[in-house]
Amino acid sequence: MRIILMGPPGVGKGTEAEYLSQHFQIPHISTGNMFRAMFDDPDNKIGQIAKAYIGRGELVPDDITNELVLERLSEADVEKGFLFDGYPRNINQAEALDQMLEQFDWRLDAVINIIAPDEMIVDRLAGRRVCKVCGKIYHVTNRKPKVEGVCDRDGGKLIQRTDDMEETVMRRLRIYNSQTAPVIGYYQHSDAFYAIDGTGTIKNTNNAVMKALGEDK
Ligand SMILES: [Zn+2]
């Protein structure tokens, strides 16, 4: 199963991605997470460049992102499928991905676009917390850890990412709407395109996605 998961930041994409990745046993490829994993290494040039962009609420240049993706698609675990989360973000990246898929002789099974209004997204993100160790996502009201501020999985400290702060979120939404939304136009006439309502609960969204993929039993 080869899936692209789309939608503005904070629409529940990360949670859905975790679920789909487990359900289909395919790697969850988040270019944002890949870049963040490089942040702590001062010798990692790509990581430090990406950190500067993401810290300002801006997008990493396409060439750097595409190269990272091509390297990832060359790894063995991607042969049975993949799920992209946060990629492609614009038409340039979508075209680059098409070339990569052609190179591997692969086709996309689903492009899933989860949608919700901007104001709902800002509310949701203000409460988002992320485990510093494993990257698992929590929310102060909607998805609480068993112990406040501590990851259930590994006891890691839960932090608010710089890019989840309100001002940064609003800037990210503006960038998303102007740059990423056209990607929807790129895919929406494909048979594999599904628009999913992301205004309800996580479970509502998940049910709608599974139904679209023909996986509801
Ligand atoms: Zn953790």
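As shown above, the structure is provided for reference.
What this report covers is the structure whose coordinates are included nearby. All values reported here derive from a predicted model rather than from experimental measurement.

**Re the sheet that holds strand β1 (residues 2-6)**
Read across the sheet, five strands follow the order β2-β3-β1-β4-β8 without closing on themselves; strand pairing throughout is parallel. Here the strands that pair on one side only, and so sit at the sheet edges, are β2 (28-30) and β8 (193-197). The sheet shows a mean angle of 20 degrees between the axes of neighbouring strands, taken without regard to direction. Here three bridges tie β2 to strand β3 (residues 82-85), and the two strands are oriented parallel to one another.

**Some thoughts on unusual backbone geometry**
Note on backbone geometry: most residues besides glycine have negative phi, and most peptide bonds are trans. Residues tyrosine 87 and proline 88 are joined by a peptide bond in cis, for which omega reads -10 degrees. Assignment of secondary structure puts proline 88 in the loop between β3 and α5 (91-104). One non-glycine residue, glutamine 25, adopts positive backbone phi at about 55 degrees. The residue aspartate 105 is not glycine, and still its phi comes out positive at about 60 degrees.

**Points about a negative patch on the surface**
Together, Asp118, Glu119, Asp123, Glu166 and Glu167 give the surface a local cluster of negative charge. Every element with two or more residues in the negative patch is listed here: α6 (118-126) and α7 (166-187). The element that contributes the greatest number of residues to the negative patch is α6, accounting for three residues. Positionally, aspartate 123 belongs in helix α6.

**Overview of the environment of phenylalanine 82**
If you trace the backbone, phenylalanine 82 turns up in strand β3. Classification of phenylalanine 82 as buried rests on a relative accessible area of 0%. For phenylalanine 82 and leucine 108, which are 26 residues apart along the polypeptide, the C-alpha to C-alpha distance reads 9.6 Å. Other than its neighbours up to four places away in sequence, phenylalanine 82 contacts Met1, Arg2, Ile3, Ile26, Pro27, Ile29, Leu73, Leu101, Trp106 and Leu108.

**A closer look at the pairing of strand β4 (residues 110-115)**
Across the six residues of β4, five count as buried, placing the element largely inside the fold. Pairing of β1 with β4, which is carried by four bridges, proceeds in the parallel orientation. From the neighbouring strand, methionine 6 faces β4, where its bridge partner is asparagine 113. Across five bridges, β4 lies against β8 in parallel orientation. Looking at β8, one finds that isoleucine 112 is bridged to tyrosine 194.

**Some remarks on the pattern of salt bridges**
Inspection of the entire model under this criterion finds ten salt bridges. Residue arginine 36 is joined to aspartate 163 by a salt bridge in which the shortest nitrogen-to-oxygen separation is 3.4 Å. You can see arginine 36 sitting in helix α2 (residues 31-38) and its partner aspartate 163 sitting in the loop between β7 (158-159) and α7, a full 127 residues away along the chain. For aspartate 163, a relative accessible area of 7% corresponds to the buried category.

**Observations concerning the layout of surface pockets**
The calculated volume of the second largest pocket comes to roughly 230 Å³. Every residue lining the second largest pocket is listed: Asp98, Leu101, Glu102, Trp106, Arg107, Leu108, Val111, Tyr187, Ser190, Asp191 and Ala192. Residue contributions to the lining of the second largest pocket peak at three residues, all from α5. Broken down by class, the residue content of the lining of the second largest pocket amounts to six nonpolar, one polar and four charged.

What counts, and where the lines are drawn
Residues numbered from 1 in each chain as written. Predicted model: local features only at pLDDT ≥ 70, side-chain atom pairs only at ≥ 80, totals over all residues. Heavy atoms only, no water. Pairing = 2+ DSSP bridges. Helix = DSSP H or I, 4+ residues; strand = E, 2+ residues; numbered from the N terminus. Axes fitted to C-alpha atoms, helices over the stretch in contact; angles between N-to-C directions. Patch = residues over 30% accessible without salt bridge, like charges linked within 9 Å, V, L, I, M, F, W, Y side chains within 5 Å. Areas by Shrake-Rupley, 256 points an atom, 1.4 Å probe, with all protein chains shown as cover. Salt bridge = Lys/Arg side-chain N within 4 Å of Asp/Glu carboxyl O. Lys, Arg positive; Asp, Glu negative; His and termini not counted. Charge placed at Lys NZ, Arg CZ, Asp CG, Glu CD. Buried < 20%, exposed > 50% of the residue type's maximum accessible area, 1.4 Å probe, protein only. Contact = heavy atoms within 4.5 Å. 1 Å grid on protein atoms, 1.4 Å probe; cavity = no way out; pocket = protein on both sides within 12 Å on 5 of 7 lines; lining within 4 Å. Points joined across faces, edges and corners; volume = space filled by probe spheres on them. Nonpolar A, V, L, I, M, F, W, Y, C, P; charged D, E, K, R; others polar.

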